[in-house]
Amino acid sequence: MELNQRYNGFVVTHLEKIPEVKGTVYQIKHEKTDATIVYVENPNEEKVFSIGFRTPSKDDSGIFHILEHAVLNGSKKYPLKDPFVELLKGSLQTFLNAMTFSEKTIYPVASMNEVDFSNLMDVYLDAVFFPNVLNNKQIFQQEGWNLKYNESENRYGFEGIVFNEMKGAQSSSQRRFIQGLEAALYPNTPYATNSGGTPLSILDLTWEQLVEAHQTYYHPSNSFIYLYGEMNIEEQLDHLAEYLNEFNYQDISNKLIDLKGDSSLSETVIEFPIAEDEDKQKQAYLGYGTKFSIENKYELLLAFEILDEILLRGNDAPLKKRLLQEGIGKNVFGWFDTSSTMPSFNIGVSQTDEAQKDRFISEISSVLERLVNDGINEATVQAAIASVEFQLREGDFGSSPEGLYYGINATEAWVASRPVFPAFKYEESFSMIKEQLNEKYFENLIEKYLLNNENKTIAVGIPSTEIEKEEYKEEQNKLEQFKATLTEDDIVELIRENEKLVAFQTTIDSEENKRTLPNLKLADISQEPIELPLEKEIENEIEFLYHELETNKLAYYNLYFNVSAISDSELPYYRLFTTLLKELGTSKYTSEQLSQEIAIKVGQISISNQVYAPDIDKAVHKIKVGVRTKESSIKESVSLVNHIMTETIFDDKNKIKETLGRLSSSVKQFLENSGHVAGMMRVNSHSSISGHITEQLEGISFYRFLTNLEENFDGQYENIVEQMENIAHKIFSRKELTVSFTGEKALFNSFKKEILTIDYPISESVKAINEYKPEISKEAFTNSNSVVYVSKGSNLKLVGEEVSGYLSVTNSILNLEYLWEKLRVVGGAYGGGMSLSSSGNIVFYSYRDPNISTTLNTYDKVSDFIQNLELSDLALERFIIGTIAKMDRPMNARMKGNASDANHFQLISEAKRKQRRKEILTTTLNDIKTTSEIFNKLRSLESTCVIGNGRIIEENSAEFDYKESLFK
């Protein structure tokens with residue numbers, strides 16, 4: 001396409017070749033509606049589509065969040081109850097989701113299959129423009145909220161998926177704190193509201209208001225459409241025209257809200273919930289935020305990402321270092337928010353005391369003023385630039401598509417009324433920044449935007465043991481108000497509405513409606529699994545794993561040091577050990593200098609515990625050192641990694657205390673926000689050795705270990721140092737060392753030579769002394785959450801069964817049919833499902849759930865559901881395709897190398913991978929039904945763990961043998 005070229009009602013208004021995305025970016029206008037389309041033409045096979053709308057939140061009702069859910073519940077062309085789930089069942093999608101922000105809503109999809117990509121586009125376009133919710137109130141009641149009346153118990157209650165989702169979200173202390181800070185920074189803007197919705201305000205929203213919001217904001221004239229990757233753009237524009245041409249231009253400028261807002265409030269106080277038996281001491285948050293105009297200087301968007309790295313990220317980050325050294329808080333965090341037309345730069349500390357507010361402000365001002373006057377350490381600046389530069393140039397976005405990263409940034413720029421094209425560039429900005437470093441570039445940014453800025457807010461987050469009870473009381477009062485207005489006729493009508501809703505939720509889509517959804521065929525699916533190249537060799541007692549893959553002039557390698565001969569009491573020290581490496585100094589470098597060396601000369605080094613599970617009674621525990629570096633830096637990186645492994649100085653009391661506090665704070669945050677993951681860990685810990693080890697390293701047991709060390713730090717310090725030194729001596733051995741490398745063959749050979757020059761000691765391996773026996777546990781942990789996370793499971797190998805491809809398909813059916821309906825659609829939980837591990841762990845879980853006994857009963861009836869299951873050939877084929885899609889997620893070279901390593905340690909051969917895929921592709925309904933007996937036999941061996949609201953847990957206390965406070 002060329003500039004000003006017209007095609008089928010579209011015109012190209014701007015185009016530019018952009019090396020960063022390896023292609024050309026086009027901005028296109030749909031002339032009839034003024035819809036904006038941005039297309040990134042490049043050879044990436046993972047195609048991305050998204051459509052976004054400006055949806056400025058005006059209150060806390062969560063209207064656009066509920067609308068985001070509701071439009072995916074059937075549409076004019078696809079009149080299914082839930083086409084979103086049907087797509088998950090039978091699409092090769094690599095990404096499928098929807099996201100609501102304070103000022104925008106985005107619907108992104110991705111796929112590597114051309115037919116599948118067009119199908120996904122079509123379902124999403126029909127969903128956003130012609131959703132069934134406009135004519136079906138039950139969809140609003142299901143996704144938003146409804147009043148439920150249990151006639152047999154004469155009991156009323158509020159239900160709804162988003163209602164319960166936001167109960168869980170509002171239980172996050174950090175989320176509440178950040179929302180409160182942003183509300184004070186941006187008065188009278190969408191950022192001053194809770195766009196997800198607060199539970200009480202959600203109850204004020206009506207279906208009619210939702211319909212009106214859709215008609216106003218979900219219009220092509222208010223849309224930003226994004227296409228990325230290798231595709232026939234003319235065909236896709238034809239596809240878009242089929243929908244966009246249904247509309248005329250609509251001016252909604254009078255409905256949009258200024259994103260700058262009024263002047264920031266100088267100070268704000270935010271309350272957040274903690275459990276009644278939780279200690280209030282050192283639980284507060286403190287925050288310092290500024291907002292500012294970037295005055296069309298778009299390089300500032302990158303500059304502040306680098307400044308965030310300088311001030312708050314590395315070991316040498318002066319602001320983080322000072323706040324921790326002065327004991328202002330346990331953890332320092334920050335974020336640079338570019339979603340508004342006036343971006344904001346924010347600094348926070350957690351687990352502090354509100355009385356520290358003045359010191360917090362004083363220390364920030366003191367550090368920033370010193371940096372302005374004396375200058376920032378040159379090595380710190382160079383390390384920060386190198387770190388950000390490496391991340392952007394590597395372009396490794398993990399499991400998320402590369403195109404999605406750019407798409408969200410481009411949509412954000414469009415909503416904030418910034419030019420879109422800078423969202424795809426960074427090289428020019430790096431050059432501009434580097435050219436100005438000698439002119440105190442970052443010092444000037446600090447002075448102008450962080451110090452001498454009137455739009456500045458100080459936030460204090462205060463823990464409250466009363467707020468959850470008060471909000472529950474307000475909800476009950478609201479319920480009483482509803483009940484007080486009900487006449488006998490109203491109650492009859494409410495019962496009828498409840499029955500209609502349940503009928504809608506439990507009615508199975510007709511085969512005719514299901515066939516409206518575009519289908520792939522099994523013939524479209526490769527019979528072979530994704531290739532994971534692997535060559536093995538042993539030299540000088542070191543096992544080498546080589547993965548020959550294109551890495552774009554980067555090298556990825558992992559060192560796996562074997563962990564053996566340790567007791568349960570020693571296990572958690574290994575997680576502390578991997579955290580302290582890189583945080584502490586060495587015989588040659590201070591902690592700050594080490595951070596700089598890694599960023600400037602290597603790239604990235606990560607050190608972690610990895611637990612692989614070849615079988616229920618076997619676990620392979622490794623200390624993994626992962627390195628991502630440039631080809632030219634391999635030799636230097638190997639030397640530095642060896643230096644860190646062998647020359648770290650553990651006797652640094654202040655640094656260890658700081659690191660322990662940060663680690664404890666981050667694990668507490670994890671337990672607070674991810675109760676389902678913690679609960680699953682706990683269940684797994686009772687049924688397999690690998691689960692037991694993992695829970696000791698990451699879960700509730702590990703948090704207990706950390707808090708005990710903190711409380712008795714002075715008395716424990718010498719023991720901690722001794723433990724760290726002993727671990728280093730034990731594991732850094734040539735014996736049972738495995739080294740993997742991903743890259744070109746010539747580089748592997750030179751890398752291997754470097755490894756072989758290292759004089760690793762040889763220590764004899766000792767048989768592990770973990771004495772572990774499976775057990776059954778029924779436990780609950782209470783916290784300030786308003787909902788619960790319910791987990792239950794065991795290991796199928798305890799009943800003599802093995803993981804199979806058939807069971808993988810059963811897993812998909814349970815997640816997207818039975819558990820989706822029972823837990824989410826009818827039960828009102830935000831999410832839930834079943835997890836199946838390669839070692840045989842099976843765990844059912846729910847997420848932000850208002851129920852316990854009902855949910856556990858749902859798990860118990862899985863066997864009956866499978867036994868009575870009836871599926872058409874089309875439905876089964878969809879489940880098979882969806883199961884394969886999860887296995888065939890796109891992986892970059894680094895991810896393929898890691899996956900191959902994991903298979904090696906778990907004894908999953910290429911033949912086993914092929915056999916599992918063949919089983920999936922040939923699964924029959926009878927194969928599915930045979931799995932029913934597995935779940936039937938497991939029921940008597942299952943452990944239960946529930947984490948969450950104390951009141952709900954107490955009401956269901958008969959389900960547990962043991963209850964205690966999570967954060968006692």
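Worth saying up front: this structure is predicted, and the values here are computed from it rather than measured.

**Some details on the overall build of the chain**
Point 1. Summing up its helical and strand segments, the chain has 37 helices and 28 strands in all.
Point 2. A principal-axis box enclosing the C-alpha atoms of the chain has dimensions of 80 × 70 × 60 Å.
Point 3. Burial status across the chain gives 61% buried among its 968 residues.
Point 4. Within the chain, counting contacts between residues at least 6 apart in sequence, those at least 24 apart form 81% of the total.
Point 5. Positive and negative side-chain charges of the chain, numbering 100 and 147 respectively, have mean locations separated by a distance of 2 Å.

**Focus: the packing of aromatic side chains**
To describe a pair of aromatic rings, you give the distance between the ring centres and the angle between the ring planes.
Point 1. Counted according to the given criterion, the structure contains 56 aromatic pairs.
Point 2. On the numbers, 4.8 Å between centres and 80° between planes, the contact of Tyr 573 with Phe 705 is edge-to-face. One end of the pair, Tyr 573, is in helix α20 (residues 571-580); the other, Phe 705, is in helix α26 (residues 700-711), with 132 residues separating them in the sequence. The burial state of Tyr 573 is the same as that of Phe 705; both residues are buried.
Point 3. Geometrically, the ring pair formed by Phe 702 and Phe 705 is stacked, given 5.9 Å between the ring centres and 25° between the ring planes.

**With respect to the sheet that holds strand β24 (residues 788-795)**
Point 1. Pairing in this open sheet of 6 strands is mixed, and the strands run β25-β26-β24-β27-β23-β28 from one edge to the other. Each end of this open sheet is capped by a strand with a single partner; those strands are β25 (831-836) and β28 (962-965). Neighbour-to-neighbour, the strand axes of this sheet turn through a mean angle of 15°, independent of strand direction.
Point 2. Along the sheet, helix α30 (residues 853-860) contacts β24, β26 (841-847) and β27 (943-949); its crossing angle with β24, the most-contacted strand, is approximately 25°.

**Observations regarding the nonpolar core**
One recurring pattern in soluble globular proteins: nonpolar side chains tend to sit buried together.
Point 1. Counting 122 residues, the largest nonpolar core has Phe 49, Tyr 107, Phe 129, Leu 227 and Leu 240 as its most contacted members.
Point 2. Looking at which domains feed residues into this core, each of domain 1 (5-256) and domain 4 (778-965) supplies at least three.
Point 3. What Phe 49 contacts, discounting residues up to four positions off in sequence, is Tyr 107, Pro 108, Val 109, Phe 117, Met 121, Tyr 124, Leu 125, Ile 225, Tyr 226, Leu 227 and Leu 240.
Point 4. Counting 75 residues, the second largest nonpolar core, distinct from the first, contains Ala 555, Leu 571, Ile 689 and Tyr 717.

**Here's the deal with the sheet that holds strand β18 (residues 542-548)**
Point 1. Judged by pairing direction, the sheet is mixed, and its 6 strands sit side by side in the order β17-β18-β22-β19-β21-β20 without closing on themselves. Both outer strands of the open sheet, β17 (535-539) and β20 (603-615), are each paired with one neighbouring strand and no more. Averaged over all adjacent pairs, the angle separating strand axes in this sheet is 20°, with direction ignored.
Point 2. The pairing of β20 with strand β21 (residues 618-630) spans 11 bridges and is antiparallel. Residue pairing across strands places Asn 609 opposite Ile 623, the latter belonging to β21.
Point 3. In this fold α20 packs onto β20 and β21, with an angle of close to 155° to the strand it touches most, β20.

**Things to note about the pattern of salt bridges**
Point 1. Applying the stated criterion to the full structure yields 57 salt bridges.
Point 2. Residue Lys 730 is joined to Glu 570 by a salt bridge in which the shortest nitrogen-to-oxygen separation is 3.3 Å. Note that Lys 730 is positioned in helix α27 (residues 713-731) and Glu 570 in the loop between β19 (554-562) and α20, a separation of 160 residues in sequence.
Point 3. Judged by relative accessible area, Glu 570 falls into the buried class, the value being 18%.

**Examining the packing of α20 against α26**
Point 1. Contact geometry of α20 with α26 gives a least axis separation of 10 Å together with a crossing angle of 75°. By the angle class used here, α20 and α26 are roughly perpendicular. Contacts between α20 and α26 pair Pro 572, Tyr 573, Arg 575 and Leu 576 from the former with Phe 702, Phe 705 and Leu 709 from the latter.
Point 2. Residue classes in the contact of α20 with α26 are distributed as 6 nonpolar, no polar and 1 charged.

**With respect to the pairing of strand β23 (residues 778-783)**
Point 1. Counting buried positions along β23 gives 5 out of 6 residues, so the element sits mostly inside the fold.
Point 2. Of the strand pairs in this sheet, β23 and β27 are connected by 6 bridges, and their pairing is parallel. Within β27, the position partnered with Lys 778 by the bridge is Thr 944.
Point 3. Alignment of β23 against β28, held across 4 bridges, turns out to be parallel. For Ala 780, the partnering residue across the bridge sits in β28 and is Lys 963.

**Overview of a negative patch on the surface**
Point 1. On the surface, Glu 45, Glu 114, Glu 230, Glu 234 and Glu 235 cluster together into a patch of negative charge.
Point 2. With respect to the element layout, Glu 230 can be found in the loop between β11 (223-228) and α9 (233-244).

**Points about unusual backbone geometry**
Point 1. One non-glycine residue, Lys 22, lies in the positive phi region at around 55°.
Point 2. For Lys 22, a relative accessible area of 55% corresponds to the exposed category.

**A short note on the side chain of Thr 586**
Point 1. Relative to the assigned elements, Thr 586 resides in the loop between α20 and α21 (591-602).
Point 2. Classification of Thr 586 as buried rests on a relative accessible area of 6%.
Point 3. For Thr 586, the side chain forms a polar contact with the side chain of His 643, separated by 2.7 Å.

**Some words on the domain arrangement of the chain**
Point 1. Assigned domains of the chain: these are domain 1 (5-256), domain 2 (279-397 + 414-464), domain 3 (535-757) and domain 4 (778-965).
Point 2. Inter-centroid distance (C-alpha atoms) of domain 1 to domain 4 is 29 Å.
Point 3. Opposite the 26 residues of domain 1 that make contact, domain 4 presents 23 residues.
Point 4. Of the roughly 2100 Å² buried at the junction of domain 1 and domain 4 (both faces included), carbon and sulfur atoms supply 58%.
Point 5. Of all residues in domain 1, the largest losses of buried area upon contact with domain 4 belong to Lys 89, Ile 161 and Asn 164, amounting jointly to 28% of the total for that side.
Point 6. The interface formed by domain 1 and domain 4 includes 3 salt bridges.
Point 7. The residue Arg 824 makes a salt bridge to Glu 143 at a minimum N-O spacing of 3.9 Å.

**Things to note about the pairing of β18**
Point 1. Of all the 7 residues making up β18, 6 are buried; the element is thus mostly covered by neighbouring parts of the structure.
Point 2. Examined bridge by bridge, β17 and β18 share 5 bridges and lie antiparallel to one another. Within β18, the position partnered with Glu 539 by the bridge is Ile 542.
Point 3. Connecting β17 to the next strand, β18, in antiparallel fashion are 2 residues, including Asn 540 with a positive phi near 50°.

**Re the side chain of Glu 165**
Point 1. Summarising the element assignment, Glu 165 is placed in helix α5 (residues 161-169).
Point 2. Here Glu 165 occupies a buried position and makes no salt bridge, while the nearest side chain of opposite charge, Arg 848, is found at 4.3 Å.
Point 3. Contact partners of Glu 165, with chain neighbours within four places excluded, come to His 65, His 69, Tyr 830 and Arg 848.

**Let's talk about the environment of Pro 131**
Point 1. Relative to the helices and strands, Pro 131 is located in the loop between α3 (114-129) and α4 (137-143).
Point 2. Sequence separation between Pro 131 and Phe 865 is 734 residues; the distance between their C-alpha atoms is 31 Å.
Point 3. Look past the residues within four positions of Pro 131 in its chain and what remains in contact with it is Val 71, Gly 74, Ser 75, Asp 126 and His 214.

**Topic: the UniProt feature "domain: Peptidase M16C associated" (unreviewed entry) in the chain**
Point 1. What UniProt calls "domain: Peptidase M16C associated" (unreviewed entry) maps, in this numbering, to residues 461-709.
Point 2. Between the first and last C-alpha atoms of residues 461-709 the distance is 26 Å; the span itself is 52% helix and 20% strand.

**Focus: the environment of Phe 561**
Point 1. Relative to the assigned elements, Phe 561 resides in strand β19.
Point 2. With near-sequence residues (within four places) excluded, Phe 561 lies in contact with His 621, Lys 622, Ile 623, Val 625, Met 645, Ile 731, Phe 732, Ser 733, Leu 737 and Tyr 760.

**Thoughts on helix α14 (residues 402-415)**
Point 1. Taking 1.5 Å as the rise per residue, α14 with 14 residues should run 20 Å; its terminal C-alpha atoms sit 21 Å apart, in good agreement.
Point 2. Burial runs high along α14: 10 of the 14 residues are buried.
Point 3. Where α14 is concerned, the buried positions are Gly 403, Leu 404, Tyr 406, Gly 407, Ala 410, Thr 411, Glu 412, Ala 413, Trp 414 and Val 415.
Point 4. Buried residues along α14 sit in contact with β4 (36-41), β5 (47-54), β6 (93-96), β8 (104-111) and β11.
Point 5. One or two steps after α14, the chain reaches Ser 417, where phi turns positive at roughly 60°.

**Topic: the packing of helix α10 (residues 299-312) against helix α11 (residues 318-325)**
When two helices pack together, their arrangement is given by the angle between their axes and by how far apart the axes lie.
Point 1. Contact geometry of α10 with α11 gives a least axis separation of 4 Å together with a crossing angle of 35°. Two secondary-structure elements touch here, α10 through Ile 310, Leu 311 and Leu 312 and α11 through Pro 318, Leu 319 and Lys 320.

**Quick look at helix α28 (residues 745-756)**
Point 1. Compared with an ideal rise of 1.5 Å per residue, which puts 12 residues at 16 Å, α28 spans 17 Å between its outermost C-alpha atoms and is within 8% of the ideal.
Point 2. Among the residues of α28, those classed as buried are Leu 747, Phe 748, Phe 751, Lys 752, Ile 755 and Leu 756. What you see down the axis of α28 is that its buried residues fit within an arc of 165°, all on one side. Looking at α28, the residues exposed on the side facing more than 90 degrees away from the buried face are Ala 746 and Lys 753.

Cut-offs applied
- Residues numbered from 1 in each chain as written.
- Predicted model: local features only at pLDDT ≥ 70, side-chain atom pairs only at ≥ 80, totals over all residues.
- Heavy atoms only, no water.
- Helix = DSSP H or I, 4+ residues; strand = E, 2+ residues; numbered from the N terminus.
- Buried < 20%, exposed > 50% of the residue type's maximum accessible area, 1.4 Å probe, protein only.
- Contact = heavy atoms within 4.5 Å.
- Lys, Arg positive; Asp, Glu negative; His and termini not counted.
- Charge placed at Lys NZ, Arg CZ, Asp CG, Glu CD.
- Phe/Tyr/Trp six-rings, centres within 6.5 Å; stacked < 30°, edge-to-face > 60°.
- Pairing = 2+ DSSP bridges.
- Axes fitted to C-alpha atoms, helices over the stretch in contact; angles between N-to-C directions.
- Core = buried A, V, L, I, M, F, W, Y, C linked by side-chain atoms within 4.5 Å.
- Domains from an automatic or database assignment.
- Salt bridge = Lys/Arg side-chain N within 4 Å of Asp/Glu carboxyl O.
- Parallel < 35°, antiparallel > 145°, perpendicular 65-115°, else oblique.
- Nonpolar A, V, L, I, M, F, W, Y, C, P; charged D, E, K, R; others polar.
- Patch = residues over 30% accessible without salt bridge, like charges linked within 9 Å, V, L, I, M, F, W, Y side chains within 5 Å.
- Areas by Shrake-Rupley, 256 points an atom, 1.4 Å probe, with all protein chains shown as cover.
- Polar contact = N/O pair within 3.5 Å; in protein donor to acceptor, adjacent residues only side chain to side chain.
- Buried area = accessible area lost by both parts, 1.4 Å probe.
- UniProt positions renumbered as here; feature names shortened; annotations may be inferred.
- Expected span 1.5 Å × (residues − 1).
- Arc of directions from axis to C-beta.

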